[in-house]
Amino acid sequence: MAPIPYPTTPTPPLSPSDADLRRISAQTAADLRAVCRDHGWALDITAAEPMSGNGYVEFPPLRVDVALQIIDGLRRTLTGRCPECADIKRRRARAVGEKDLHTAAAMAAAMGRHQRAAH
């Protein structure tokens, strides 16, 4: 009986099939459409064809004001801080440091209003 030959080099990891990439791209496009719809934007984001083992989505042409709102939202998400929150916190910290309790209380109230309105 002859020995069974085993490969001497490791097999490469399995990469996703084109069908898997199409499914992932379609789900991602649907999720992006839903998020945009929640913000009042009717964007027809679609799944694109897979290329080089990657899934893709396609955006339609965007109006500049919509693109700027998306950019602003991404900046807030990626930096973790809202510019207005950061400003209110700085002003309150300065007031506390200067023992200006009236301004510190006003900034705490402003933060509450801002949080309810924006977040």
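These numbers come from a predicted model, not from an experiment.

Quick notes on the rules
- Residues numbered from 1 in each chain as written.
- Predicted model: local features only at pLDDT ≥ 70, side-chain atom pairs only at ≥ 80, totals over all residues.
- Heavy atoms only, no water.
- Patch = residues over 30% accessible without salt bridge, like charges linked within 9 Å, V, L, I, M, F, W, Y side chains within 5 Å.
- Areas by Shrake-Rupley, 256 points an atom, 1.4 Å probe, with all protein chains shown as cover.
- Salt bridge = Lys/Arg side-chain N within 4 Å of Asp/Glu carboxyl O.
- Helix = DSSP H or I, 4+ residues; strand = E, 2+ residues; numbered from the N terminus.
- Buried < 20%, exposed > 50% of the residue type's maximum accessible area, 1.4 Å probe, protein only.
- Expected span 1.5 Å × (residues − 1).
- Contact = heavy atoms within 4.5 Å.
- Pairing = 2+ DSSP bridges.

> Help me out: how do you make sense of a nonpolar patch on the surface in this one?
On the surface, Val-64, Leu-68 and Ile-71 cluster together to form a nonpolar patch covering roughly 280 Å² of accessible area. Turning to its location among the elements, Val-64 is positioned in helix 2 (residues 64–79).

> How should unusual backbone geometry be read in this particular structure?
Trans is the common state for peptide bonds, and a negative phi is the common state for residues other than glycine. The residue Ser-52 is not glycine, and still its phi comes out positive at about 50°. Checked against the element boundaries, Ser-52 lands in the loop between strand 1 (46–51) and strand 2 (54–58). The backbone phi angle of Lys-99 is positive, close to 60°, even though this residue is not glycine. If you trace the backbone, Lys-99 turns up in the loop between helix 3 (83–97) and helix 4 (101–118). A relative accessible area of 69% means that Lys-99 is categorised as exposed.

> I'm lost on helix 3 in this one. Help?
It helps to recall that an α-helix has 3.6 residues per turn; residues three or four apart then point in one direction. Across its 15 residues, helix 3 extends 21 Å between first and last C-alpha, which sits within 8% of the 21 Å expected from 1.5 Å per residue. For helix 3, the full list of buried residues reads Cys-85, Ala-86, Ile-88 and Ala-95. Tucked into the core, helix 3 has its buried residues touching helix 4. Once helix 3 ends, the next one or two residues include Lys-99, with phi positive near 60°.

> Is there a simple way to think about the pairing of strand 2 in this case?
Side chains on a regular strand alternate between the two faces of the sheet. Sheet topology note: the strand 1/strand 2 ladder contains four bridges and is antiparallel. By the bridge assignment, Ala-48 is partnered in strand 2 with Tyr-56. Linking strand 1 to strand 2, which pair antiparallel, is a turn of two residues; within it Ser-52 sits at a positive phi near 50°.

> I'm lost on the pattern of salt bridges in this one. Help?
Pairing is possible between side chains of opposite charge, provided their charged atoms come close. The final tally for this structure, using the stated rule, is three salt bridges. Two residues, Arg-22 and Glu-49, come together in a salt bridge whose shortest N-O distance is 2.8 Å. Here the residue Arg-22 occupies a position in helix 1 (residues 18–38), and Glu-49 occupies one in strand 1, the gap between them amounting to 27 residues. Judged by relative accessible area, Arg-22 falls into the partly exposed class, the value being 36%. Measuring nitrogen to oxygen at the nearest pair gives 3.5 Å for the salt bridge that ties Asp-87 to Arg-91. Of this pair, Asp-87 and Arg-91 both sit in helix 3, four residues apart, roughly one helical turn. Overall, the relative accessible area of 30% leaves Asp-87 in the partly exposed class. Among the residues examined, Arg-91 registers a relative accessible area of 37% and is labelled partly exposed.

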